[in-house]
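# Fold and contact review
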Amino acid sequence: MIQTIPLTKLVPSPRNVRRTTDAIADAQLKADIEARGLLQNLVVTAARKPKGSFAVEAGGRRLAALKALASEGKLAKDEPIACLVLDGSGVDAEEASLAENFQRLAM
């Protein structure tokens, strides 16, 4: 189910399959989110700690960009973020992260 969750309640998930990043691409993503807003929701599960938070299973780069914009005062720290909430099963969460990254096709 898609629901909005305050940015302050979103934390990176250790199950996210992406292990590398690119500084230039990350800066471009941040600029795009600043200009257009978040175009693709994050995929999350309920996190055990901190209580009431959600782990971002897919969309870690987007989360980092949103947090950077908030730290720069360009976005509210508690901005409501569109998230697809999964049931919390570790397998489903890893599959979502893997599918989102693996099924991507460069234009």
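On a predicted model such as this, the values are computed, not experimentally measured, just so you know.

Bringing the pairing of strand β5 (residues 80-85) into the picture now. Of the strand pairs in this sheet, strand β1 (residues 2-6) and β5 are connected by five bridges, and their pairing is antiparallel. Looking across to β5, one finds that Ile-5 is bridged to Ile-81. Where strand β3 (residues 42-46) meets β5, three bridges bridge the pair, whose relative direction is parallel. Looking at the pairing, Val-43 lines up with Leu-84 of β5.

Taking strand neighbours across the sheet as the criterion, the five strands line up as β1-β5-β3-β4-β2 in an open arrangement whose pairing is mixed. If you trace the sheet from one side to the other, it starts and ends with β1 and β2 (10-12), each paired once. Direction aside, neighbouring strands of the sheet carry axes that sit 55° apart on average.

Turning to the environment of Ala-76, a few remarks are in order. Tracing the backbone through its elements, the reader meets Ala-76 in the loop between α2 (60-71) and β5. When the C-alpha positions of Ala-76 and Thr-8 are compared, they lie 9.4 Å apart, and in sequence the two are 68 residues distant. Those residues in contact with Ala-76 that sit more than four places away from it in its chain are Leu-7 and Ala-70.

Our next topic: the confidence of the model for the protein. Across the protein, the average pLDDT comes to 87, with 83% of residues at or above 70. Element-level pLDDT for the protein is lowest in helix α3 (residues 90-102), with a mean of 62, against a maximum mean of 97 in α2.

Let us now look at the nonpolar core. Residues Leu-7, Leu-10, Leu-42, Val-44, Ile-81 and Cys-83 are the most contacted members of the largest nonpolar core, which totals 16 residues. Those elements that place two or more of their residues in this core are α1 (23-36), β3, β4 (54-58), α2 and β5. The element contributing the most residues to this core is α2, with five residues.

About the thresholds
Residues numbered from 1 in each chain as written. Predicted model: local features only at pLDDT ≥ 70, side-chain atom pairs only at ≥ 80, totals over all residues. Heavy atoms only, no water. Pairing = 2+ DSSP bridges. Helix = DSSP H or I, 4+ residues; strand = E, 2+ residues; numbered from the N terminus. Axes fitted to C-alpha atoms, helices over the stretch in contact; angles between N-to-C directions. Contact = heavy atoms within 4.5 Å. pLDDT = per-residue confidence, 0-100. Core = buried A, V, L, I, M, F, W, Y, C linked by side-chain atoms within 4.5 Å. Buried < 20%, exposed > 50% of the residue type's maximum accessible area, 1.4 Å probe, protein only.

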